[in-house]
Each structure stands twice: as C-alpha cells, then as structure tokens.
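# Structural overview
Chain by chain, the residues run as shown.
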Amino acid sequence: MRALWKWTWISFALFAFLEAVEVEAFWSPDNGKTLYGLPIYMKEPGKVLVRLTCGDPVLEPQDGNWYATIKSREDFASALSGKPVWSDGWFLQRRDPPWIPKTVRTVDFILDLGERAEGAIGKGNRWDDAQKKFVDAPLPPCPAAGKAALVVEIYYKDKQTGVRTQGQKNLEVIFAALPAGLKPVSGGEKVYAIPKAPVRVFPERAVAPVPPGYLGTHFSAGGIMPLDWELVVPRRFPSMGIGKGAMLRCFLPSKPKQTEVKGGVTYERPNRTWWGHLQSGDQDRGWGPEANYRYYQSDFRMLLGWAESLGANLFVVAPGWPHQTKETAMAAVAYANGKVGDPAVIGVDKRGEDWKTVGYWAEQRAKGDDRHAPHPAPFCVKYWEIGNEDYYAHNAVPWSNWLFLENYDNVAPGRNSAERARLFLEGRDYNGEKCEGFLAYAAAMKRVDPSIQIAAMLAPEHKAKWHWDWNEVLLTRLKGVVDLFTYHGYTHSSTLDEEGVALQAGKEGRTYITAIRAHMRDTGNGAAPLANSEWHCYEPLKAGSIRMASAVYLTDMLGIMLEEKLAFNCAYGPFDTKHGNDGGWMNLLRPMNASDYRKSPASEGIYDRPTAFRWPSYYAFALWRDFGDQLVAVENPWDATNQISIFAGTKGGRVTVIAVNKSGKPQLLRLAAAGLGAEMAVDEVAPAKGSVKDEDVTYNGIDMSSPEAQKMDALERIPPLVKLRAVDGEFRFDMKAWGLARLRWDR
C-alpha cells in the first residue's frame, strides 16, 4: 500500500489570551525520530506525526486545565497511539502540563498508519447514539484510495469564569495509489515531495519572444586555438545550440608597444593590435616568452570565419580601448563589415599611424593570405562593446582593456564612481597623453558602419553603492546615444558549497537584472535592450565550475534571463584560473591537450579527460537547444528557488518544457496543459553518482564518460529517456536528485 498525503499549515486564534496554535504534519518511519514534510508519497505505510505548537502570548501559569483532541470519521481506519501516554481510541487527551507556559510548548500526536485487516476491532471508533458515547466496533481495512478528515481541537477551561473555550481546524488526509511513472525509492529512507497541483503550461499565453542569441558563450582569440576548432568546436557546438543565431563574445588584443624583461632578457613587443596579431607569423605565435603573441593562436579573421560557419554572431569587444586609439577600432569594424572600394577615410591616429580607408581594410579581408581564405563579402558583425568592467579600479594593469586611472581607487571611503564614469565617457590624460573616451570611440566606429549596435556596460549595482553611481552617470549621459546596455552577472558563491551554488540563479541571478532594470526605467531607458555579456555561478571562478552544480545553475539561469527578456547572453566560465585557461566555452568542453595549453600540468586531476570531453554544463545548453521561439506562461506550484523551476516554450505546434530539480531529493513532476498531446518525450541529464559534485553525468540513461559516448557528437540522435503517456489528464515524470529534464510534445 502506498499513500499520498496532503496537509495544510494551520493557524487559528483560541481567545484573547492564546494568540495562535500551529498544526503541522510529518511522515515518520521511526516513531518521530526522523521526519519528512508532507505532502509526500510514502514507499510503505508508516506513522504520521501531528505536531501542535502553542505560541506567545500565553496564559499565566495557573490551575486552569487544557487538552487537545484529534478526531476522525470512520473512513480514517487506523489505530492511534500517543506519546508519551494517550487514552485509547479517537479521543486523545493531554493533561500534563496542566497549563500553557510562557515559552513555546509543542505537543505531538502520532497516528499509526500500519496496514490492518478488515474487521479488526478499533477502540472507541464509532459513536453510539443510544449510549451517547464512542464504542468499540469493527474497522474497515486501510483504504487504498479516498479521503478522510482529521479534526484538531484545543480546549481550555478558565478557572475564574468556568467558561470552556474551543478552537478547531480540519486537517485533510488523502490516500491514493502510486502515480504512474513514479519509481520506488530504495530503502524507504527518501520520499517524493508532491505539490498540491500539477505544473500547468499555457501554450497560447505568450510571455516573451525567444531571441536568437538566447544561447551564447565566449569565443576569444585567447581561449580557442586552431586545433581546438578542428578537434572540438565544430563537432560539439551544434549539438548544444551554439550555432544559428547564438552569440559569441570575443576580445581583440589591444596593447601598444611594450618592453618586457624575462630571465634577464629584454623583449621588444610590437604594436599588439588585432591587426598586428593577424599579420604575425608562426614564430610570433608560440608558447615561449620570446613570442610576441604567445597564447593567441587564433586571430580575428579566424574567429569571423568560424562564427560564420556555425551560423553564429560575434559580439566584439572593440580593440584599442582605452590606451590605444579609436582608429584601431574603426579599422576593425572596416575589416569585418566594410565594402571593397569604400573611400571613407579613417585617418592618422595620435601616434602617427595611418589607418587608411574603409575600403583598404575590406580589401585585406577580400584577398586573404596564406593562412586566411579570401572573403569578399562583409561579415556584417552587428554588436560591439567598448571597454570591459571599467567600473572596477584595476589600477595594477595600465596597459590592458581596463580603465587605468593612476592613484584613483573608487572603493576608498567616501569615493564613488561618478567621476570615474565621467572620465570613462569623455576621456582623460595619462602620462601627458590624451586618451579618448567611450563617446569618441562610439561615434568613430559608427562613422565606419552606422548599422552596428554599440553597447555600454553597466555595473552590478546591487553589490555596492559605487556601482549605482557609475550606472547613474552612464544611464543619464547615454540615453538615446547607445543601442543597448550590458552587465556581468557573476553571482556570489565563493563562500558556498555546491548545494548553495545550484540555488544561486534563483536567489541572486534575477536580483542583478531587477536592480539594473529599475535604474534604467528611472532614467528613461526602460525600453533599451539589456544583455548579459559575461555570467557564471562562480565568483571567484574555480574548478567547481566543471561539476553538476554548475549545470543546475546554468540551466536555471538561462530560463531566468528569458523570463527577464534579455536581448542575449554570453556565458563565461574558465575552469582553471590557477593556470590561466581563459574563455567561456572551456567550461563546457575540454580543449585539446590541456597539458600543453599554456603549459598547464596534466597532473591536476581535471585534465585526465579526453579532448572534447563534455563537462556537465554542456548539457545545460544541450537541453535548451531548439527551445522554441516564444516563451509561454506556466503555473508552478513548486518553490522555484529551492525545489523545481519550470520554463516552457513553443514553436509551431511543439511545446518544450525545461525542468530543473534544485534539490538533493527525487521529485515527482506532474504536468498538465491545454491540448496536451497523447505522448511526451523526455530527455534527462542527471549526475552519474547522484551528487551535485559529480563531474560525470548520464544523458538519457547513458554514461557520458564512457569511451563509446565520447565518440558521439550529435546528442539529438540519442533516443529520449522515455516517452510518457498522459494519465488522468497529466504527464508524470520521476525527476532524479539534481536532475535536469526537457519534456516535449506536439499539440
């Protein structure tokens, strides 16, 4: 026999002196030592503990007497036992202590639901009108289905007035057979938490369009090499949705000429712009300290071509900012988007370098060279970003993409970021040299191609006051000037374990967006697009990003960003910052020979996986692949932050539901919808060993760490885990602990 219990939290006033009594119900397999909250499916009959808690204010300790009873109709067919001592039968009476103390006092009733044969004698279970009392009588068997009502009563007799006051509340109990699709729990130690109602999906109730760039990652020259492209990216990316319409953010190198000393040897670094990098030979692109472009084994032209072959879009962090020149950025736009023969002049920069015309750079792209195929047509890169996290005072790296301001610490007491933001926009002097600001760069780049969209980066303002100051200046000054705003959504997790990390999308991920959006509305920018150009669950990033917790977080956060109507997003999660491995896609797939990559040792544990190994986060993207073109409404009875979050989308007649189990307990997912199809296909990702710390997963029941699975590139060819049929007008699926599921049906 299996039983489904539903219960209600009860609070009621007895009289003036007793403000509230709370009633809770739990299932206990060991007489109250271990409690599981209701509602639940129980593996086997057990005991239900009903706990009454009397709260303050309470009566003074006098000689008054109080007692509690639990009654039921005859269809609730069980014997009752009490703790510590109760009278037999339905009437249960507690006479010790004789008063309610000022401190909170809890009283427990235990209802034994053990199986019992029909006809057994129950004590005091039937009311006899003739005798005006409860009498012993035969009991029916424990019901397999049906409903019963427990009545909880509290009595108090006031000594001075002699008036007996009564408070009463019903506690509904429902028995039901185990639903189809629910698997037994081994050992009977765990239970399935069941909401009072199924998840309901409304395919006709549109919430928001699903933008083409709802899936994206980082694709920088510093994070992907030609061999990675050949061995990893084209094989694995399409299966996880990094293809048509996906957004790939990339940085272009932008350091000026430098002199470096390594081991007593002085190295002269050339102008390390995107163009110098693209032109460099193999001798300049090696591993050693003498290499001018070490680690940057790919270049802008390669990234352009690779993104085009995937059908993806590049989102480029413009070169030259802020310590080079705006002409560098103009030439990059011309190389990507310019037309051959365009006579528009870019001009000579402040350092005397002639960046010629738009047509000149288009010609370089069109003719190609020994490493780059000719490409006469423009690549038409639409999205460009200027600067990266310049609201932070990274004053130790003056020649990077950061906004270096000497002797300026915006987190010092009494300092805000308003002045820093003004310098970011308008430019400033550095060592006697005028560095142009965001506004000059944006205007110059738009002169090359007016169709491009330029983004300005806002700060995560809910984290600190100086972030609000930065945003206030940018949102006020850039209203109607820029095309979109971006932010970086790294959540706080440095102090959390993996269980805490798995919950961070719901706990904090939405907070970023809510705070920024409110500020945008307050400054008249409410209609402007907002995108998340870097995000991940780890701050600081760490090796845990290749565990199941990251997959749970990413799956959840992708849905939240859709609900919040972000224009696009680019995940970023280097999995080994100890050795400097850089680039968001590497949190999803292991790159080629990582023991050689930046000379990282192979003995670190996380490298003992084959090239193109799919880390758990990969499957978050794979489940979201082909989600649909319209996000639709759902009614989710679960606690979406701590239990199960649900997202639903449609495309044509197909409905797709993404479910994220953010708990260490298996859960029964019940799902209903108008026009429910006859059959539902389910794809499932689960930790291989059931732990949120697992680095291996199963996909539709297949061990994805096996050599056979590693040879498979197209996950979409793997049959669904199961095809469900509707039962009683709903689909029911047993979700594993920390499990992720995609459920699909055709209307």
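Note: the structure precedes this text.
To start, this report covers the structure provided alongside it. Computed from a prediction, not measured in an experiment: that's the story for all the values here.

This part covers the overall build of the chain. From N to C terminus, the chain includes 14 helices and 37 strands. A buried classification covers 57% of the 747 residues belonging to the chain. Within the chain, contacts between residues at least 6 apart in sequence are counted, and of these 71% link residues at least 24 apart. Carbon together with sulfur atoms contributes 51% to the accessible area of the chain, which is approximately 30000 Å² in total.

For the rest of this paragraph, the subject is the pairing of strand β18 (residues 258-262). With five bridges connecting them, β18 and strand β19 (residues 265-269) associate as antiparallel partners. The residue bridging Lys262 from the neighbouring strand is Val265, located in β19. Joining the antiparallel neighbours β18 and β19 is a turn of two residues, in which Gly263 adopts a positive phi near 60 degrees.

Relative to the elements of secondary structure, Ala362 occurs in helix α6 (residues 358-367). Measuring from C-alpha to C-alpha, the distance between Ala362 and Asp342 comes to 8.2 Å, with 20 residues separating the pair along the chain. Discounting residues that sit within four places of it in the chain, Ala362 has contacts with Ala334, Gly338, Lys339 and Val340.

Further remarks concern the pattern of salt bridges. This model, assessed by the stated rule, comprises 25 salt bridges. The partner of Asp713 in a salt bridge is Arg235, and the shortest N-O contact between them spans 3.1 Å. Here the residue Asp713 occupies a position in the loop between α14 (707-710) and β35 (722-725), and Arg235 occupies one in helix α2 (residues 233-236), the gap between them amounting to 478 residues. Connected via shared salt-bridge partners are Glu419, Arg422, Glu426 and Arg477.

Okay, the nonpolar core next. By size, the foremost hydrophobic cluster in this structure holds 123 residues, and its most contacted members are Phe219, Phe300, Leu314, Trp384, Phe438 and Phe485. Ranked by residues supplied to this core, first place goes to helix α12 (residues 548-563) with eleven residues. With residues near it in sequence (within four places) discarded, Leu314 still touches Phe219, Met247, Leu248, Cys250, Phe300, Leu303, Leu304, Ala307, Val381 and Tyr383. Of all hydrophobic cores here, the second largest spans 22 residues; its members include Trp638, Leu671, Met680 and Val682.

Moving on: the packing of aromatic side chains. Scanning the model with the defined rule gives 30 aromatic pairs in all. When the centroid spacing of 4.8 Å and the interplanar angle of 55 degrees are considered together, the rings of Tyr391 and Tyr392 count as tilted. Judged by relative accessible area, Tyr392 falls into the partly exposed class, the value being 25%. For the ring pair Trp624 and Phe627, a centre distance of 4.6 Å and an interplane angle of 55 degrees mean the geometry is tilted. In terms of burial, Trp624 and Phe627 fall into one category: buried. Ring pairs connect the aromatic residues Trp274, Trp275, Phe300, Tyr335, Trp355, Tyr360 and Trp361, which therefore count as one cluster. Over the face of the ring belonging to Phe202 we find Arg205, whose NZ or CZ atom lies 4.1 Å from the ring centre. It is Lys356 that lies over the ring of Tyr360; its NZ or CZ is 5.0 Å from the centre.

Let's shift gears to helix α5 (residues 326-337). Across its twelve residues, α5 extends 16 Å between first and last C-alpha, which sits within 8% of the 16 Å expected from 1.5 Å per residue. If you check which residues of α5 are buried, you get Lys326, Glu327, Thr328, Ala329, Met330, Ala331, Ala332, Val333, Ala334, Tyr335, Ala336 and Asn337. On its buried face, α5 sits against α3 (274-279), α4 (300-310), α6, β21 (383-385), β23 (433-436) and α8 (438-448).

Once that is clear, we can look at the packing of α5 against α8. Axis separation between α5 and α8 bottoms out at 9 Å; the angle between their running directions is 30 degrees. As summarised for this structure, α5 and α8 are arranged roughly parallel, according to the angle between their axes. When the axes of α5 and α8 are compared, the crossing they make is right-handed. Counted together, Lys326, Ala329, Met330, Val333 and Ala334 of α5 and Ala440, Tyr441, Ala444, Met445, Arg447 and Val448 of α8 form the full contact between these two elements. Taken together, the residues that form the contact of α5 with α8 break down as nine nonpolar, no polar and two charged.

The next thing to look at is unusual backbone geometry. The general pattern is negative phi for most residues beyond glycine and trans for most peptide bonds. Even without being glycine, Glu389 reaches a positive phi, approximately 50 degrees. Relative to the helices and strands, Glu389 is located in the loop between β21 and α7 (418-426). Phi is positive for Lys565, close to 60 degrees, though the residue is something other than glycine. On the accessibility criterion, Lys565 (53% relative accessible area) is exposed.

On to the environment of Glu260, then. Mapped onto the secondary structure, Glu260 falls in strand β18. In this structure Glu260 comes out as buried when scored by relative accessible area, which is 15%.

Two elements in contact, helix α11 (residues 504-522) and α12, have axes separated by 9 Å at closest approach and are oriented at 35 degrees. Both α11 and α12 take part in a crossing whose hand is right-handed. Along its contact with α11, which presents Gln504, Ala505, Gly506, Gly509, Arg510 and Ile513, the element α12 presents Tyr553, Asp556, Met557, Ile560, Met561 and Glu563. Partitioned by chemical class, the residues of the contact of α11 with α12 number six nonpolar, three polar and three charged.

We now examine the side chain of Ser617. Relative to the helices and strands, Ser617 resides in helix α13 (residues 616-624). Taking the relative accessible area as the measure of exposure, Ser617 reaches 0% and is therefore buried. Discounting residues that sit within four places of it in the chain, Ser617 has contacts with Ser545, Ser550, Ala551, Leu554, Asn587 and Leu588.

The side chains of a regular strand alternate, first on one face of the sheet and then on the other. Within strand β24 (residues 453-457), four of the five residues are buried, leaving the element largely enclosed by the surrounding structure. With three bridges joining them, β21 and β24 adopt parallel strand pairing. Within β24, the residue paired with Tyr383 across the bridge is Gln453. In this sheet, strand β25 (residues 484-490) lies alongside β24 in parallel orientation, the contact comprising three bridges. Pairing of Ala456 across the sheet is with Phe485, part of β25.

When you line up the elements, Val482 lands in the loop between α9 (465-477) and β25. Each C-alpha atom of the pair Val482 and Ala528 lies 8.9 Å from the other, and the pair is 46 residues apart in sequence. Ignoring sequence-local partners within four residues, the contact set of Val482 consists of Phe438, Ile454 and Ala456.

Parameters and conventions
- Residues numbered from 1 in each chain as written.
- Predicted model: local features only at pLDDT ≥ 70, side-chain atom pairs only at ≥ 80, totals over all residues.
- Heavy atoms only, no water.
- Helix = DSSP H or I, 4+ residues; strand = E, 2+ residues; numbered from the N terminus.
- Buried < 20%, exposed > 50% of the residue type's maximum accessible area, 1.4 Å probe, protein only.
- Contact = heavy atoms within 4.5 Å.
- Areas by Shrake-Rupley, 256 points an atom, 1.4 Å probe, with all protein chains shown as cover.
- Pairing = 2+ DSSP bridges.
- Salt bridge = Lys/Arg side-chain N within 4 Å of Asp/Glu carboxyl O.
- Core = buried A, V, L, I, M, F, W, Y, C linked by side-chain atoms within 4.5 Å.
- Phe/Tyr/Trp six-rings, centres within 6.5 Å; stacked < 30°, edge-to-face > 60°.
- Lys NZ or Arg CZ within 6 Å of the ring centre and 35° of its normal.
- Expected span 1.5 Å × (residues − 1).
- Axes fitted to C-alpha atoms, helices over the stretch in contact; angles between N-to-C directions.
- Parallel < 35°, antiparallel > 145°, perpendicular 65-115°, else oblique.
- Left-handed = near helix turned anticlockwise from the far one by under 90°.
- Nonpolar A, V, L, I, M, F, W, Y, C, P; charged D, E, K, R; others polar.

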